Amino acid sequence: MSYDTAITVFSPDGHLFQVEYAQEAVKKGSTAVGVRGKDIVVLGVEKKAVAMLQDDRTVRKICSLDDHVSMAFAGLTADARVLIQKARVECQSYKLTVEDPVTVEYITRYIANLQQKYTQGRGRRPFGLSALIVGFDYDGTSHLYQTDPSGTYHEWKANAIGRSANSVREFLEKNYNDDIFNSDAACVKLCIRALLEVVQSGAKNVEIAVARRNRPLEMLKAEEIEVIMAEIEKENEAEAEKKSQKKI
Amino acid sequence: MSLFGELQFGFSRAVSDDEDDEYSRIEPNLNLKRKIYWLEETTEKIEVDELILADGPIACAFLHVYLLNHLSESEKRLLGLSATNSEFKIFQNEDKSESELNRMRKNLIYKINNLDAKSFLVCEVFTNLKSNEFYDWIDQLWEKVNFKSCTILCSQNQTSYFSSHQQQFPCVKFLSSNKNLTTEDKCQRLEEPNFLQNLPAAMIQFCVLKQLDFTAFVCYSQSINVDIQSVKETYSGVSCLLKDKSIFKNDDLSKKSLLSVGNLVNSVSGLYM
């Protein structure tokens, strides 16, 4: 009996293969990185190559769910569109009912619950995407959450999803510390450095979004990204110079 | 019943008559079969010390990043390509100055002279050959080129790896005619019941028949497309096993090239983002 064609059937060793296959679909999407600081949360994504005649405004990996909550995803584009739409409606519905904006945890839980529902229903397949959800609550605390196709969600200080996420996560584990957490500029730099582990250098290959308390999501301009990349390049050269001198 | 009173049996074009199948033939479409097109005419067989065969996108990306990218045009000579008839015609007419990355997809065959005092024939097979093409392809190669040993690089999906132990992916395994090669942490011998398939298997069979030395590396990867981690892991495994004898280089140029190779997957398809 094949255990991988029906979503509602466990295999004898406890696998839900369709959910695991959905997690594989996430790895086909380009890399997205999130870094949380005290007063800032940064989202960085690998920019997708756009066809010559295509309008690149319709090709977006980072989007806002509400004024204070944003999201980046990796995986199936169409599934992301549907999930984002449902999340946006939920944000407004909550605000109308409760007269308060959603907390980041609430909307993450909503998205995760939706993803989980699609792992148990008959005739439906799981959403083939993972999401990084960032924002600030009304008490001013910053948050970064990650969801996956199984419907689990966790809070992170820094994380990556999509292609080569493991390499990027290793880099973040080695380089994230309290100094990064306390500095806005250091958070942005770490995010770009993490992306440069798996993306070619150049502002045209990445998109960086910065969320700050009581401010709308801000997309960094290409010139600003180029300046930071040039700094990183210099630091890397200086480090390489040090290493070669040590060898001598 | 027909107009003339004869009894006529019903028939359907959807169901073919068994008798007809015996005589019906499907003409093989020779234009779709891949073969080697040699760009140089030589009367004598070309002699090289080693054949390096890269089967599949990950193996081709590995060769591009850690070997071919480090060689100038004069150090590597383009000998031929594996292509269908139409692909070869397109290749003949197109601009040859395109990027190295696009050239990787063209299943090119290079000769490298004097690398670490040896000569090599490098065959990139980016687009997998069909099962009816393996042996013809190898025969065409052997007709033109004499080689003393063979290094085969290939990849398979992690789902085709069977083991009672837990395994982290990507990982690299090897098979070798050299019984003295010992297993290393980064590269272990391929154990039963796992096996190689397709062109790598056909090449190994050929080497055994001709009593040639061979070493095959297979990277079990999470992705069938080019994946930076799998390419890096292939390098770790190969350089670990071959140690000082490895001709593959890992330097700044390789790191830059690795990132550009990752773009191969980042196609314009809208399905994934």
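Scope of this entry: the structure provided in the associated data block.

### Here we look at the overall build of chain B
Moving on, step 1. Of the regular secondary structure elements, chain B holds eight helices and nine strands.
Moving on, step 2. Here chain B holds 273 residues, and 48% of them are scored as buried.
Moving on, step 3. In chain B, of all internal contacts separated by at least 6 residues, the share reaching a separation of at least 24 is 79%.
Moving on, step 4. In the structure as shown, chain B presents an accessible area of about 15,400 Å², 49% of it carried by carbon and sulfur atoms.

### Some points on the overall build of chain A
Moving on, step 1. Helix and strand counts for chain A come out as seven helices and ten strands.
Moving on, step 2. The burial tally for chain A puts 48% of its 248 residues in the buried class.
Moving on, step 3. Pairs at least 24 residues apart make up 62% of the contacts formed inside chain A by residues separated by at least 6 positions.
Moving on, step 4. Of the roughly 12,800 Å² that chain A leaves accessible, carbon and sulfur atoms contribute 50%.

### Things to note about the sheet that holds strand 7 (residues 153-155) of chain A
All names here are of chain A.
Moving on, step 1. Spatial ordering of the open sheet is given by 3-4-5-6-7, a layout of five strands whose pairing is antiparallel. In this open sheet, the two strands that pair with only one neighbour each are strand 3 (62-64) and strand 7. The sheet shows a mean angle of 20 degrees between the axes of neighbouring strands, taken without regard to direction.
Moving on, step 2. Bridge count between strand 5 (residues 129-136) and strand 6 (residues 142-147): six bridges; the pairing is antiparallel. Residue I133 lies in a different strand from strand 6, and its bridge partner there is Y145.
Moving on, step 3. Sitting on the sheet, helix 2 (residues 77-98) touches strand 3, strand 4 (69-75) and strand 5, and the angle it makes with strand 4 is about 160 degrees.

### So, the nonpolar core
Residue and element names in this part refer to chain B.
Moving on, step 1. Ranked by internal contacts, the top residues of the largest apolar core, which has 45 residues, are I52, L67, F217 and F248.
Moving on, step 2. For this core, the element with the highest residue contribution is helix 2 (residues 57-66), accounting for eight residues.
Moving on, step 3. When sequence neighbours within four positions are dropped, the list of residues in contact with I52 reads L63, L67, F120, L121, V122, C123, T151, L153, I247 and F248.

### Observations regarding the interface of chain A and chain B
Moving on, step 1. Of the residues lining the interface, 28 residues belong to chain A; the matching set on chain B comes to 16 residues.
Moving on, step 2. Carbon and sulfur atoms supply 50% of the area that chain A and chain B bury against each other, a total of about 2,000 Å² over both sides.
Moving on, step 3. Counting the surface chain A buries against chain B, the share from its top three residues, K28(A), K48(A) and Q200(A), is 28%.
Moving on, step 4. For the pair chain A and chain B, the number of links is zero salt bridges.
Moving on, step 5. Remark: the boundary between chain A and chain B carries zero residue pairs in polar contact (both at pLDDT 80 or more).
Moving on, step 6. Elements supplying a minimum of two residues to the side of chain A that touches chain B: helix 1 (17-26), strand 4 and helix 4 (165-175) of chain A.
Moving on, step 7. In terms of residue count, strand 4 of chain A provides more of the side of chain A that touches chain B than any other element does, three residues in total.
Moving on, step 8. Partitioning the side of chain A that touches chain B into residue classes produces ten nonpolar, eight polar and ten charged.

### Re the pairing of strand 1 (residues 32-36) of chain A
Residues and elements named next belong to chain A.
Moving on, step 1. Among the five residues in strand 1, five count as buried, and that is most of the element.
Moving on, step 2. Side chains A32, G34 and R36 of strand 1 all project onto a buried face; the interleaved residues V33 and V35 project onto the opposite face, where all are buried too.
Moving on, step 3. As paired strands, strand 1 and strand 8 (residues 158-161) are joined by four bridges and run antiparallel to one another. Looking at the pairing, V33 lines up with A160 of strand 8.

### Observations regarding the layout of surface pockets
Moving on, step 1. Roughly 2,100 Å³ of volume is contained in the largest pocket.
Moving on, step 2. Taken together, 48 residues form the lining of the largest pocket, with F171(A), E197(A), K232(B), K255(B) and L258(B) sitting closest to its centre.
Moving on, step 3. Looking at the lining of the largest pocket, the elements with two or more residues in it are helix 4, helix 6 (184-196) and helix 7 (222-247) of chain A together with strand 7 (171-176), strand 8 (187-189), helix 7 (228-242) and helix 8 (252-262) of chain B.
Moving on, step 4. Here the lining of the largest pocket takes nine residues from helix 7 of chain A, the largest share from any one element.
Moving on, step 5. When its residues are assigned to classes, the lining of the largest pocket shows 15 nonpolar, 15 polar and 18 charged.

### Describing the packing of aromatic side chains
Moving on, step 1. By the definition in use, this model includes 13 aromatic pairs over all chains.
Moving on, step 2. Seen in terms of ring centroids, Y37(B) and F88(B) are 4.2 Å apart; in terms of plane orientation they differ by 10 degrees. Their pairing is stacked. Pair noted here: Y37(B) is in strand 1 (residues 35-38) and F88(B) is in helix 3 (residues 85-93), with a separation of 51 residues, a long-range link.
Moving on, step 3. On the accessibility criterion, Y37(B) (13% relative accessible area) is buried.
Moving on, step 4. Of the aromatic side chains, those joined through ring pairs into one cluster are F62(B), Y66(B), Y235(B) and F248(B).
Moving on, step 5. Just above the ring of Y118(A) sits the side chain of R124(A); from NZ or CZ to the centre is 4.3 Å.
Moving on, step 6. Lying across the ring of Y110(B), K76(B) places its NZ or CZ 5.7 Å from the centre.

### Side note on the packing of helix 5 (residues 134-144) of chain B against helix 6 (residues 198-210) of chain B
Residue and element names in this part refer to chain B.
Moving on, step 1. At their nearest, the axes of helix 5 and helix 6 sit 9 Å apart, and the two run at 50 degrees to each other. Between helix 5 and helix 6, the angle is such that the two are oblique. With respect to the hand of their crossing, helix 5 and helix 6 are arranged in right-handed fashion. Contacts from F134, Y135, W137, I138, L141 and W142 in helix 5 reach N198, L199, A202, M203, Q205, F206 and K210 in helix 6.
Moving on, step 2. Here the contact of helix 5 with helix 6 is composed, by residue class, of ten nonpolar, two polar and one charged.

Thresholds applied
- The residue numbers shown here count from 1 along each chain, following its written sequence.
- Here the convention is simple: chains get letters from A, ligands get numbers from 1, in the order in which they are written.
- The predicted nature of this model means local features are confined to residues of pLDDT at least 70 and side-chain atom pairs, given and counted, to a pLDDT of 80 or more, with totals for whole chains, interfaces and linings taken over all residues.
- Side-chain metrics in this entry use all non-hydrogen atoms of the structure; hydrogen atoms and water are not considered.
- In DSSP terms, a helix is any run of H or I states spanning at least four residues, a strand is any run of E spanning at least two, and both are numbered starting from the N terminus.
- Think of it in three bands: residues with accessible area under 20% of the maximum for their type are buried, residues over 50% are exposed, and the middle band is partly exposed, with areas taken using a 1.4 Å probe on protein chains only.
- The contact definition used throughout considers only heavy atoms, calling two residues in contact when any of these lie within 4.5 Å.
- In this description, accessible areas are obtained by the Shrake-Rupley approach with a 1.4 Å probe, and a residue is regarded as covered only by the protein chains that are shown.
- At least two DSSP bridges between two strands are needed for those strands to be called paired.
- Lines fitted to C-alpha atoms define the axes here, with helix axes fitted over just the stretch in contact, and angles between the N-to-C directions of these axes take values from 0 to 180 degrees.
- Residue types Ala, Val, Leu, Ile, Met, Phe, Trp, Tyr and Cys, when buried and joined through side-chain atoms within 4.5 Å, form a set referred to as a nonpolar core.
- The term buried area means the drop in 1.4 Å probe accessible area that two parts suffer when joined, counted for both and summed.
- Just to be clear on terms, a salt bridge is a Lys or Arg side-chain nitrogen sitting within 4 Å of an Asp or Glu carboxyl oxygen.
- By the criterion applied in these results, polar contacts are pairs of N or O atoms within 3.5 Å in which, for protein atoms, one can donate a hydrogen and the other can accept it, and in which residues neighboring in sequence qualify only through two side-chain atoms.
- Note on residue categories: nonpolar means Ala, Val, Leu, Ile, Met, Phe, Trp, Tyr, Cys or Pro, charged means Asp, Glu, Lys or Arg, and polar means any other residue, Gly included.
- As defined here, a cavity is a set of points on a 1 Å grid over the protein atoms alone where a 1.4 Å probe fits but cannot get out. A pocket is an open set with protein on both sides within 12 Å along at least five of seven lines, and residues line them when an atom is within 4 Å of a point.
- Grid points are joined across faces, edges and corners, and a volume is the space filled by probe spheres set on the points.
- The aromatic pairing rule takes the rings of Phe, Tyr and Trp, using the six-membered ring of Trp, and pairs them if the centres are within 6.5 Å, calling planes under 30 degrees apart stacked, those over 60 edge-to-face and the rest tilted.
- By definition, being over a ring means that NZ of Lys or CZ of Arg is both within 6 Å of the ring centre and within 35 degrees of the ring normal.
- Here is the rule for angles: anything less than 35 degrees is roughly parallel, anything more than 145 is roughly antiparallel, 65 through 115 is roughly perpendicular, and the remaining ranges are oblique.
- By the definition used in this description, the sense in which the near helix is turned from the far one sets the handedness, with an anticlockwise turn below a right angle giving left-handed and a clockwise turn giving right-handed.

Any functional reading would require information that these geometric values do not contain.
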